[in-house]
Amino acid sequence: MRVGIWGAKGRGRPVAAVRRRPGPAGDGRRRTTALLMGAAAVVAVGSAACDDAQRGPNPRDAVHLSVTPQDGTALLRPDSAIDVRARNGTIENVTVTTKGTPVEGVLNGDRDRWRSRWTLDPGTDYTVVATALGRDGRTRTVVSHFGTAKAGRTLGAAVVAPDNGETVGVGMPIVLRFEREVADRAAVERALELRSSRPVEGAWHWLDDQSVVFRTRTYWPSYTDVRLLAHLSGVRAANGVYGTRNFDVAFRIGDRHDIRADEDTYRMTVHNNGRLVRTMPISMGRGGIEKYTTTNGVHLTMEKGNPVIMDSSTVGCGPGCPDYYRQTVYYAVRISNSGEYVHSAPWSVGSQGRENVSHGCINASPKDARWFYHFVYRGDPVTVTGSSRELKPDNGWGYWQMKWDDWVKGSALKRSVWVGPHGSTPAKTSVQAPSQADRTSAPGGGGTRASNGD
């Protein structure tokens with residue numbers, strides 16, 4: 001008789017006990033008992049192995065997932081952050097649901113921490129659903145509901161320039177104006193994101209507590225698409241003062257226009273993308289007193305008007321004053337806040353190209369002024385040379401009059417930023433030295449505010 005038992009020995013062959021010949025009856029019973037005991041031992045070993053497999057992974061490898069703010073938090077400060085952390089695992093997904101602004105977040109390289117990038121909307125409810133994967137291969141999901149406090153006082157703001165969708169010149173600044181004084185300039189500056197289709201270095205500069213301006217280190221490259229994303233909603237600008245509105249402004253840099261007006265030669269030259277396209281005889285400020293002297297340095301075209309009324313009353317010389325004037329001019333392009341324009345002046349055509357007779361503006365013939373009016377963008381550089389009166393950096397958009405290092409010092413964060421297609425980040429080093437084509441000679445200097453007239 002052959003009796004076989006299947007076990008886990010060798011390569012899976014049966015372990016067999018074979019009886020060759022009969023023996024005493026007791027011997028048979030003892031052999032049978034031994035075989036049954038051996039079979040039971042093998043089965044017991046197999047059962048133990050199954051128990052180990054069913055016991056599962058080590059609990060110490062389970063992921064621990066936390067969300068801040070915790071579920072049920074109310075009246076949270078809008079400038080608080082959403083913070084998701086995973087221990088013993090990685091974050092797989094974070095979803096934030098709200099009726100307000102969509103929440104953008106950043107996941108670190110180890111994938112164990114996710115943090116909201118910008119501030120939250122005041123007076124808004126949020127729901128966070130976070131899922132993480134543990135080292136044990138199992139996932140865990142945590143849900144948190146919370147709300148932010150309403151803003152007691154709000155920070156109104158406006159993008160003064162450029163306009164959304166506008167094509168502008170290579171010197172164009174970005175100008176923001178706030179309705180209240182900003183105590184925490186750094187918090188506001190951190191909320192200002194820029195994107196550029198071509199990489200540039202630039203910096204924000206605070207003119208005062210209510211005005212901040214962005215200027216590039218050298219002129220913008222032509223045909224660059226630029227986008228300002230001002231994430232101001234929820235920013236704590238002062239004690240109890242929060243922004244409640246975001247801004248999204250996109251604009252484009254057009255052709256490179258270089259305009260130079262020389263007081264000594266009575267000529268203005270206009271280049272388009274490096275090519276001379278027009279030379280214009282002009283007449284500039286007659287001088288004698290400061291307000292009738294055209295300012296020297298790098299101006300930017302600020303606005304156009306057709307017509308514009310020039311009135312000396314705006315500088316304290318009203319009717320009865322010996323130098324009083326009130327005159328309507330056409331095809332006028334403003335280049336400063338002290339009343340300087342490039343405009344049509346048919347009354348001074350005989351002096352244009354020969355002598356300076358204006359109250360400080362750049363006079364041109366009606367034909368040249370009309371061409372110039374339609375040619376220029378806002379933000380085109382107009383460099384005036386030969387004058388004894390320097391344009392101040394805060395006179396209109398005279399920002400290119402300030403040296404780059406001094407401009408960066410006006411940043412609340414004391415740094416420039418590198419701007420590219422994916423946003424703006426702190427610039428650790430200069431992008432590059434300005435090329436000869438981009439280099440500007442823009443020394444700081446004196447100057448006063450006035451309305452020069454013609």
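Being a predicted model, the structure only gives us computed values, none of them experimental.

**Quick look at helix α3 (residues 366–375)**
Moving on, step 1. Those residues of α3 that fall on the buried side of the exposure criterion are Asp368, Ala369, Phe372, Tyr373 and Phe375. One face of α3 carries all of its buried residues, which in axial projection span an arc of 170°. Facing away from the buried side of α3 by over 90 degrees, the exposed positions are Lys367 and His374.

**Here we look at the nonpolar core**
Moving on, step 1. One finds Leu176, Phe178, Trp204 and Leu232 to be the most contacted residues of the largest nonpolar core, which totals 49 residues.
Moving on, step 2. Among residues more than four places away in sequence, those in contact with Leu232 are Ala157, Phe178, Val188, Ala191, Leu192, Gly243, Thr244, Arg245, Asn246 and Phe247.
Moving on, step 3. Val270, Val333, Ile362 and Tyr373 belong to the second largest nonpolar core, which has 19 residues in total.

**Focus: the confidence of the model for the protein chain**
Moving on, step 1. In this model, the protein chain carries an average pLDDT of 86, and 82% of its residues clear a pLDDT of 70 or more.
Moving on, step 2. Low pLDDT, under 50, characterises residues 1–26; the predicted model gives this stretch 17 contacts beyond four residues in sequence or across chains.
Moving on, step 3. Note on residues 430–452: pLDDT under 50 across the span, and 61 contacts to partners over four residues away in sequence or across chains.

**Thoughts on the sheet that holds strand β21 (residues 247–253)**
Moving on, step 1. Reading across the sheet, the four strands line up as β13-β21-β18-β15 and stay open at both edges, with mixed pairing between neighbours. Every interior strand has two partners, whereas the edge strands, β13 (167–168) and β15 (192–196), have only one.

**Re the side chain of Ser424**
Moving on, step 1. Among the secondary structure elements, Ser424 is positioned in strand β35 (residues 423–426).
Moving on, step 2. We classify Ser424 as buried; its relative accessible area is 17%.

**Structural notes on the state of the cysteines**
Moving on, step 1. Counted under the stated rule, the structure contains one disulfide.
Moving on, step 2. For Cys317, the disulfide goes to Cys321, at an S-S distance of 2.1 Å. Its S-S torsion of approximately -95° makes the covalent link between Cys317 and Cys321 left-handed.
Moving on, step 3. Classification of Cys317 as buried rests on a relative accessible area of 4%.

**Quick look at the pairing of strand β30 (residues 341–344)**
Moving on, step 1. Where strand β29 (residues 332–334) and β30 come together, two bridges link them in antiparallel fashion. Note that in β30 the partner of Arg334 across the bridge is Tyr341.
Moving on, step 2. The hairpin turn running from β29 into β30, its antiparallel successor, is six residues long, and Gly339 in that turn takes a positive phi close to 85°.
Moving on, step 3. Summarising the sheet, β30 and strand β31 (residues 362–364) pair through three bridges and their orientation is parallel. Bridge pairing in β31 links Val342 to Ile362.

Calculation rules
Residues numbered from 1 in each chain as written. Predicted model: local features only at pLDDT ≥ 70, side-chain atom pairs only at ≥ 80, totals over all residues. Heavy atoms only, no water. Buried < 20%, exposed > 50% of the residue type's maximum accessible area, 1.4 Å probe, protein only. Helix = DSSP H or I, 4+ residues; strand = E, 2+ residues; numbered from the N terminus. Arc of directions from axis to C-beta. Core = buried A, V, L, I, M, F, W, Y, C linked by side-chain atoms within 4.5 Å. Contact = heavy atoms within 4.5 Å. pLDDT = per-residue confidence, 0-100. Pairing = 2+ DSSP bridges. Disulfide = S-S within 2.5 Å.

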